Amino acid sequence: MKIIKALLLICVCMAVTNGNAQRRRTTNKAKAKAKPVVVEEKQPSPEELLYENMLSSTQQIMIIDSVVVDKEQFINHIPLPPDCGSLMLYDAFFATSGHSDSYVWLNEFKNRVYYSIADANGKSEIGTMDKLGSNWTKGKRLEGLSYANSLNYPYLMSDGITLYFGQQGGNNSLGGYDIFVTRYDAESGTYFRPENIGLPFNSSANDYMYLEDETDNIGWFVTDRRQPEGKVCIYTFIPNKTRKNYDLSEYDEAHVKRFAAIESISDTWTDNTAKEEALQRLAKLTERRQQVNSDDQIHFVINDNITYRQVSQFKSPSAKKLFLTLVQTQERFMADSERLESLRDQYAEGGELVRARLTPTILDLEHSLEVSAQSIKDMEKQIRNAENMTINQ
């Protein structure tokens, strides 16, 4: 009997031991199934990293106006004064066709031009030409710029060395076109490495062109951010004499991002007096441009049988645009002529010191007027050729 009890006790112990072992195996198996899933964090793109680096240096500017227009017509909505040069399409300036998205900047004296043109690989590059006498020099590509990406929308500042342009893509780009700036190095005869002008001028969308009228202290930049296909927004702003960034101790990151994206131009109105004064300057510039664009009476001979009396009579869009540029050039020519007559009167009435001081100014102005007169003749010829080609088609 004792032996039987002992055998039963041994069996019970073995059953308990086997059960515990089974539970341990089940538990270990369950634990193996419950291993945590490692989720890899998404790495920021180069564009996102660049944006984060630029954010703390977002420039504080006052945007006084904005207007949405057709992209192909935006140069006609910027009231750039004649002394800042003129903008036109490549086809209008060179009297050709097939370059509908290439742009040209012509200086106020009409003797230097910067232009964009596609190369053999389809990428646009920036070239320049000078006018010597009545002939243009052979175009040459600007040295020092990166041509791995398309470059377009050139604009040269009044100092003659600071060049703004749009670059499509690249290592230092936020996406699409970004606005870059470079300066000419007279010693090397080339341009310094271009720099991205940063926020809020650039974004992940296409930011095409930057222009500045230093005399009136008015600037413009063109972008398609938040715009439908084929439209762009022209922002008008007050340029800073010296760069001023948003104070990060005054604004948190969310506010700076709002400024960088230009979610509302009213957010930038920090000085109502300065804003109103700038709006008055802008109104005068716009009024002058509207007078040129209006259907006031004109007198322009197209050929022996046709004389236009209104701007709206032009059939060729390129001829019409060039005619508007011609009117501005003529206005500038008349103003310079009046100034020259005044200086000559002062010269005639002044003594030796006055004459010595005025002589170089008078000579420079006389030369400038000669160049302008020739430019006016050249533009008139280009307008007639373009218009007659359209009429005869």
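Here goes a summary of the coordinates provided. Think of each chain on its own: its residues are numbered from 1, step by step along the sequence as written. Given that this is a predicted model, residues contribute local features only at a pLDDT of at least 70 and side-chain atom pairs are listed and counted only at 80 or more, while totals for whole chains, interfaces and linings are drawn from all residues. Only hydrogens and water are set aside; all other atoms, that is, all heavy atoms of the structure, feed into the side-chain values.

**Section: the packing of aromatic side chains**
Point 1. Two rings from Phe, Tyr or Trp (for Trp, the six-membered ring) form a pair when their centres are within 6.5 Å of each other. A pair whose planes differ by under 30 degrees is stacked, one over 60 is edge-to-face, and the rest are tilted. Per the counting criterion, the structure on display carries 29 aromatic pairs.
Point 2. Seen from their ring centres, Trp105 and Tyr155 are 6.1 Å apart, and the 80° between their planes marks the pair as edge-to-face. Of this pair, Trp105 sits in strand E3 (residues 103–106) while Tyr155 sits in strand E8 (residues 151–156), placing them 50 residues apart in sequence. Across this residue pair, the class does not change: Trp105 and Tyr155 are buried.
Point 3. One aromatic cluster in this structure is built from Tyr164, Phe201, Tyr210, Phe221, Tyr235 and Phe237. Elements are defined by DSSP. Helices are runs of H or I of four residues or more, strands are runs of E of two residues or more, and each kind is numbered from the N terminus. For every residue, the accessible area obtained with a 1.4 Å probe (protein chains only) is divided by the maximum for its type, and the residue is called buried under 20%, exposed over 50%, and partly exposed between those limits.

**Section: the pattern of salt bridges**
Point 1. What counts as a salt bridge is simple: a side-chain nitrogen of Lys or Arg found within 4 Å of a carboxyl oxygen of Asp or Glu. According to the stated counting rule, one finds 12 salt bridges in the structure shown.
Point 2. Asp70 is the partner of Lys231 in a salt bridge, and the nearest nitrogen-oxygen pair spans 2.6 Å. Of this pair, Lys231 sits in strand E15 (residues 231–238) while Asp70 sits in strand E1 (residues 62–70), and the two are 161 residues apart along the sequence.
Point 3. Salt-bridge contacts for Glu276 lead to Lys275; the nearest nitrogen and oxygen are separated by 3.8 Å.
Point 4. Overall, the relative accessible area of 39% leaves Glu276 in the partly exposed class.
Point 5. With a relative accessible area of 10%, Lys275 lands in the buried category.
Point 6. Salt bridges sharing partners connect three or more residues here, namely Arg258, Glu263 and Asp267.

**What to know about the environment of Tyr208**
Point 1. Inspection of the secondary structure puts Tyr208 in strand E13 (residues 207–213).
Point 2. Residues Tyr208 and Tyr177, 31 residues apart in the sequence, show an inter-C-alpha distance of 5.9 Å.
Point 3. Here a residue-residue contact requires only that any non-hydrogen atoms of the pair lie within 4.5 Å. In this structure Tyr208 touches Lys71, Tyr153, Phe165, Gly166, Tyr177, Ile179, Val222, Thr223, Asp224 and Val232, once residues within four positions along its chain are discounted.
Point 4. Polar contacts involving the side chain of Tyr208 include one to the side chain of Asp224, which spans 3.2 Å. Two N or O atoms count as a polar contact when they lie within 3.5 Å, although within protein this holds only if one can serve as hydrogen donor and the other as acceptor, and sequence-adjacent residues are included solely when both atoms are side-chain atoms.

**Re the sheet that holds E13**
Point 1. Here, any two strands with at least 2 DSSP bridges between them count as paired. Strand order across the open sheet formed by 4 strands is E1-E15-E14-E13, with antiparallel pairing between neighbours. At either margin of the open sheet sits one strand with a lone partner, and together these are E1 and E13. Going across the sheet, the axis of each strand differs from the next one's by a mean of 20°, ignoring polarity.
Point 2. Examined bridge by bridge, strand E14 (residues 218–223) and E15 share 5 bridges and lie antiparallel to one another. For Trp220, the partnering residue across the bridge sits in E15 and is Thr236. Axis definition: a line fit to C-alpha positions, over the contact stretch in the case of helices; interaxial angles, taken between N-to-C directions, run 0 to 180 degrees.

**Considering helix H7 (residues 352–392)**
Point 1. For a helix, the expected span equals 1.5 Å multiplied by the residue count minus one. The end-to-end C-alpha distance of H7 is 59 Å, a good match for the 60 Å that 41 residues give at a rise of 1.5 Å each.
Point 2. The sharpest bend along H7 measures roughly 35° and falls at Leu358, with the proline Pro360 sitting one to four residues further on. Axes are fitted to the seven residues ending at a residue and to the seven starting at it; the angle between these axes is taken as the bend at that residue.

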